[in-house]
Amino acid sequence: MKAYELDAMRRAIAISAQGLGSTSPNPPVGCVVLGRDGRVVGEGYHVRKGESHAEVNALEAAGGRAVGGTAVVTLEPCNHYGRTPPCREALIDAGVARVLIAVLDPTSRGEGGAALLRAAGVEVEQGVLADEALLVLGPWLASLTRGRPFVTWVYGAGEGERRSPVSDEVRRLRQSYDVVIRASGKVEEGNPGRHGDGVFRVPRLSPGASGDEVLKVLDGAGVRSVLVEGASAGSSLAALADRVICYLPPTPSGVPYAPPRHPPVALPAGFRLTDVSRDAEYVRLVGEREV
Ligand SMILES: [Zn+2]
């Protein structure tokens, strides 16, 4: 693998994130096309469900310069006829000689785009920077394997105040998620669009529904990721969280010990710490559910 090919994959991963919150039930994918000499000649990502895929957008940008070149794509190119012909066909027609793939599509079961590209004489490498690509594709992939949307739960210090670390975090993250369940219980689109023309019609959820039931209804509507705000926002949903972001209130140091007066004191059991940082007087913890 050449250094500039890894650079191209990291660029593909970076631009793929622009599709977070608007491509579901499709995955957010990015693609960079390198010409025969290794220079970038095109790039694209899947912008919104129902619109063309990352590979098609990148090939369109590259035009004839893709011939003999390399397509660098974060997910295995699709092999099905939907609104558009399959991307593996578009890659072959464009004359691409080589395809680098980060993550294989688990739904392809070995008969997907990668196999057919190889059969057509295209050189294919898979698993390229897969761990890094999963930073964007992880929730989509997890929702496929679990058969329900990926859930991130944000809670902790200052909840209930008009401005709190929790509400700021939700404001920052909401565009990356399909649906947000607010502390008030209100269900909103994460990415409502400029004119309120969101991607989903968020289904009506019955107030007494369990977390499992809520996720099942959302899954049926094509939702792949859910952001849950606040400790009180349906504790049954929080119990199903795949990722938690938790704000700890300040505590004294070097004085006689007394139990902290305000929860939370740490991540819930069953979560592995993946990030710790400081935000003003709060400590921000991120955890992933241990599997
Ligand atoms: Zn495709």
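Since the model is a prediction, treat every value here as computed from it, not as a measurement.

Trainee: Summarise the overall build of the protein chain; cite the residues concerned and give the values.
Mentor: Across its full length, the protein chain carries eight helices and twelve strands. The buried share of the protein chain, taken over its 291 residues, is 48%. Counted over contacts in the protein chain with a minimum sequence separation of 6, partners at least 24 positions apart contribute 66%. Summed over all atoms, the accessible surface of the protein chain reaches about 14,700 Å², with 51% contributed by carbon and sulfur. Within the protein chain, one finds 33 positive and 34 negative side-chain charges whose respective centroids are separated by 3 Å.

Trainee: Can you break down the sheet that holds strand β4 (residues 98-103) residue by residue, with the values?
Mentor: A sheet is described by the order of its strands in space; here five strands give the open sequence β2-β1-β3-β4-β5, paired in mixed fashion. Two strands bound the open sheet, and with one partner strand each, they are β2 (40-45) and β5 (123-125). Along the sheet, successive strands turn relative to each other by an average axial angle of 15°, direction set aside. Where strand β1 (residues 30-34) and β2 come together, five bridges link them in antiparallel fashion.

Trainee: Can you lay out the coordination of the zinc ion for me, pointing to particular residues and giving the numbers?
Mentor: Bound to the zinc ion on the protein side are H53 (ND1), C78 (SG) and C87 (SG), at distances that span 2.0 to 2.3 Å. For the zinc ion, the donor residues sit on a single chain with the sequence spacing H-x24-C-x8-C. Neither C78 nor C87 differs from the other in exposure class; each is buried.

Trainee: Tell me about the pattern of salt bridges, residues and numbers included.
Mentor: Summed over the entire model, instances satisfying the criterion amount to 19 salt bridges. Where salt bridges share partners, they join R174, R182, K186, E188 and E229 into one cluster.

Trainee: Explain the environment of A14 to me, using residue names and the numbers behind them.
Mentor: Secondary-structure assignment places A14 in helix α1 (residues 3-16). A residue is classified by how much of its surface remains accessible, and A14, at 48% relative accessible area, is partly exposed. Along the backbone, A14 and A71 are 57 residues apart, and their C-alpha atoms lie at a distance of 16 Å.

Trainee: Run through the packing of aromatic side chains, naming residues and quoting values.
Mentor: For the structure shown, the criterion picks out one aromatic pair. Between W153 and Y155, the ring centres sit 4.0 Å apart and the planes meet at 15°, which makes this aromatic pair stacked. Judged by relative accessible area, W153 falls into the buried class, the value being 12%.

Trainee: Please set out the packing of α1 against helix α5 (residues 130-146) residue by residue, giving values where relevant.
Mentor: Describing two packed helices takes the angle between their axes plus the distance from one axis to the other. At their nearest, the axes of α1 and α5 sit 9 Å apart, and the two run at 10° to each other. Regarding the angle of α1 to α5, the classification is roughly parallel. Touching R10, I13 and S16 of α1 are E132, A133 and V136, all from α5. Grouping the constituent residues of the contact of α1 with α5 by class yields three nonpolar, one polar and two charged.

Trainee: Quick one: what's the story with the nonpolar core, residue by residue and with numbers?
Mentor: Core analysis: the biggest nonpolar cluster contains 39 residues, and V33, V96, V99 and V103 have the highest contact counts within it. Residue contacts for V103: discarding those within four places in its chain leaves T74, L75, E76, A130, A133, L134, L137 and L141. Within the second largest apolar cluster, 23 residues are counted, among which are F200, V226, A241 and V244.

Trainee: Give a detailed account of the environment of G270, specifying residues and quantitative values.
Mentor: Mapping G270 onto the fold places it in the loop between β10 (243-248) and β11 (271-279). Residues within four places of G270 in sequence aside, it is in contact with E288, R289 and E290.

Trainee: Requested: an account of a nonpolar patch on the surface, with residues and values cited.
Mentor: A cluster of nonpolar side chains, L273, V276 and V283, forms an exposed patch at the surface whose accessible area comes to about 240 Å². For V283, the position within the fold is in strand β12 (residues 282-289). Here V283 falls in the partly exposed class, since its relative accessible area comes to 30%.

Trainee: Give a description of the pairing of strand β9 (residues 225-229) that names residues and reports values.
Mentor: Summarising burial for β9: five of the five residues are buried, a large majority. Here β9 shows two buried faces, one formed by S225, L227 and E229 and the other by V226 and V228. As paired strands, strand β6 (residues 150-156) and β9 are joined by five bridges and run parallel to one another. Among the inter-strand pairings, V151 is bridged to a residue of β9, identified as V226.

Trainee: Please set out α1 residue by residue, giving values where relevant.
Mentor: Residues lying three or four places apart along an α-helix face the same way, a consequence of the helix completing one turn every 3.6 residues. Here α1 spans 20 Å end to end across 14 residues, near enough to the 20 Å set by a 1.5 Å rise per residue. Of the surrounding secondary structure, the elements contacted by the buried residues of α1 are β1, β2, β3 (70-75), β4 and α5.

Trainee: Summarise the environment of D178; cite the residues concerned and give the values.
Mentor: Structurally, D178 can be placed in the loop between α6 (165-173) and β7 (179-181). Judged by its relative accessible area of 1%, D178 is buried. Considering only alpha carbons, one finds D178 and L218, 40 residues apart in sequence, at a separation of 9.7 Å. In this structure D178 touches G21, S22, S24, E188, E189, G190, N191, F200, G222, V223, R224 and S225, once residues within four positions along its chain are discounted. Only 2.7 Å separates the side chain of D178 from the backbone nitrogen of R224, close enough to count as a polar contact.

Parameters and conventions
- All residue numbers refer to position in the chain's written sequence, counted from 1.
- For this predicted model, a pLDDT threshold of at least 70 governs which residues receive local features, and a threshold of 80 or more governs which side-chain atom pairs are given and counted, while totals over whole chains, interfaces and linings are taken from all residues.
- Values reported for side chains reflect all heavy atoms of the structure, with hydrogen atoms and water molecules removed beforehand.
- Every helix listed is a DSSP run of H or I at least four residues long, and every strand listed is a run of E at least two residues long, numbered separately from the N terminus.
- Only protein chains enter the accessibility calculation, which uses a 1.4 Å probe; a residue is then buried when its area is under 20% of its type maximum, exposed when over 50%, and partly exposed in between.
- Contacts between residues were defined by any pair of non-hydrogen atoms, one from each residue, lying within 4.5 Å.
- For the area figures, the Shrake-Rupley method with a 1.4 Å probe applies, and any residue is considered shielded solely by the protein chains shown.
- When charges are tallied, Lys and Arg are placed among the positive residues and Asp and Glu among the negative ones, while His and the ends of the chain are skipped.
- Where a charge lies is defined by one atom per residue type, namely NZ (Lys), CZ (Arg), CG (Asp) and CD (Glu).
- Any two strands between which DSSP finds at least two bridges are classified as paired.
- With axes taken as lines fitted to C-alpha atoms, and helix axes fitted only over the stretch in contact, angles between N-to-C directions fall between 0 and 180 degrees.
- Note that water is not among the atoms used; donors are N, O and S atoms within 2.8 Å of the metal (3.2 Å for Na, K and Ca), so sites may look incomplete.
- Whenever a carboxyl oxygen of Asp or Glu lies within 4 Å of a side-chain nitrogen of Lys or Arg, that contact is scored as a salt bridge.
- Side-chain rings of Phe, Tyr and Trp (the six-membered ring for Trp) are treated as a pair once their centres are within 6.5 Å; stacked means planes under 30 degrees apart, edge-to-face means over 60, and tilted covers the remaining angles.
- An angle counts as roughly parallel when it lies under 35 degrees, as roughly antiparallel when it exceeds 145, as roughly perpendicular when it falls between 65 and 115, and as oblique in every other case.
- Each residue is assigned to one of three groups, with Ala, Val, Leu, Ile, Met, Phe, Trp, Tyr, Cys and Pro labelled nonpolar, Asp, Glu, Lys and Arg labelled charged, and all others, Gly among them, labelled polar.
- Among buried residues, the Ala, Val, Leu, Ile, Met, Phe, Trp, Tyr and Cys ones that are joined through side-chain atoms within 4.5 Å form a nonpolar core.
- The patch calculation keeps residues exceeding 30% relative accessible area without a salt bridge and links them within 9 Å when they carry like charges or within 5 Å when they are nonpolar (Val, Leu, Ile, Met, Phe, Trp, Tyr).
- Any helix carries an expected span of 1.5 Å times its number of residues minus one.
- Pairing of N or O atoms within 3.5 Å defines a polar contact, subject to two protein rules: one partner must be a possible hydrogen donor and the other a possible acceptor, and residues neighboring in sequence count only if both atoms are side-chain atoms.

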